[in-house]
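Structural features, examined
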Amino acid sequence: MDIYFGLVGIILGAYLFVEGYRRIFKLFSLIGAGSGYYFVGLFEPVLVDLLPTLVTEHMLLAGFVVGGVVAYNLARMAEASIVTLGPPMVVLLGYDFLRVEKDIDMLDYVERIPEFPNISSETLQGIFFLITTFLTMVFKMYLWRLVPVLISAGISGVLLVTGANTIRTGNLPESGYDLEFAVIAIMTVCSAAAQGYHIKKSEDDIINSDPEITRLRARGEAVREQQRLKEEFPLIRCPLCSKEASHEVINRKFREGRSEVLVKCLSQNQFDEVCKHVHTVQEFTSD
């Protein structure tokens with residue numbers, strides 16, 4: 001039986017390895033739905049006497065649906081709690097760690113900050129409050145993207161390593177000391193990196209599939225190519241105004257060892273009028 005649990009762990013770990021940031025809440029919903037289905041069936045003799053007949057006829061289905069919905073909402077609540085409480089808890093725990101483990105009290109350093117002559121204490125507190133609020137909003141913006149990745153990567157690493165060890169040894173780990181934390185950490189980092197690459201690739205695919213962005217990119221490439229051709233083309237004499245001036249390249253047709261270039265004269269007369277005469281010149285390339 002332990003081997004089957006190990007196999008299930010490997011399957012679920014592989015399921016979360018690359019696209020876990022999308023699938024983690026689906027997995028929680030599926031587990032919750034299965035738990036609801038199981039517990040409703042377990043307590044069915046008791047629930048039959050308490051619930052109406054219409055509900056008892058579809059009790060297992062209702063337990064499956066309710067369990068999935070409850071598990072999904074609990075997972076979202078946990079994500080929101082981590083995102084909201086994460087930055088303050090990091091500050092508090094970091095302060096306690098420095099004070100207890102390193103004997104460094106940050107309040108001693110705060111007291112050494114000199115008083116500003118033109119800024120009152122209330123104004124300075126307001127400035128610090130605005131800065132803290134801004135940083136908290138910035139952290140939350142990134143945490144909404146990072147939390148699903150980190151949670152799914154951690155679960156994937158634990159399931160893959162524990163499942164593989166269970167199949168190898170034939171027994172589930174009896175305690176936390178039996179877990180190989182170094183290997184789990186490596187698999188977690190690999191899963192997080194794979195998910196980050198997949199997120200970036202998905203966003204690039206969405207951007208590249210946008211027809212407006214594709215049109216703007218093509219237009220930009222055409223402008224850059226036209227600028228390049230213009231910069232590379234030498235000064236030539238225009239047959240209409242007989243001036244040696246710069247020309248704008250309109251089109252270029254390549255042939256064997258040479259190319260026919262359609263150009264427009266950009267010379268100006270004494271009244272600042274542009275010639276704009278279009279003519280064709282031969283361009284030869286040397287090997």
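Residues numbered from 1 in each chain as written. Predicted model: local features only at pLDDT ≥ 70, side-chain atom pairs only at ≥ 80, totals over all residues. Heavy atoms only, no water.

Comments concerning the environment of Val83
When you line up the elements, Val83 lands in helix H5 (residues 59-100). Overall, the relative accessible area of 0% leaves Val83 in the buried class. Sequence separation between Val83 and Leu146 is 63 residues, and the spatial gap between their C-alpha atoms is 9.3 Å. Ignoring sequence-local partners within four residues, the contact set of Val83 consists of Lys140, Leu143, Trp144 and Val147. (Helix = DSSP H or I, 4+ residues; strand = E, 2+ residues; numbered from the N terminus. Buried < 20%, exposed > 50% of the residue type's maximum accessible area, 1.4 Å probe, protein only. Contact = heavy atoms within 4.5 Å.)

Quick look at the packing of aromatic side chains
Under the definition given, this model contains two aromatic pairs. Measuring from ring centre to ring centre gives 6.3 Å for Phe25 and Tyr72, while their planes differ by 70°; the resulting arrangement is edge-to-face. Placement of the pair is Phe25 in helix H2 (residues 20-42) and Tyr72 in helix H5, with a sequence separation of 47 residues. Ring geometry for Tyr38 and Phe39: centres 5.3 Å apart, planes at 75°, overall edge-to-face. Judged by its relative accessible area of 45%, Phe39 falls in the partly exposed class. Positioned above the aromatic ring of Tyr15, the side-chain terminus of Arg23 is 4.6 Å from the ring centre. (Phe/Tyr/Trp six-rings, centres within 6.5 Å; stacked < 30°, edge-to-face > 60°. Lys NZ or Arg CZ within 6 Å of the ring centre and 35° of its normal.)

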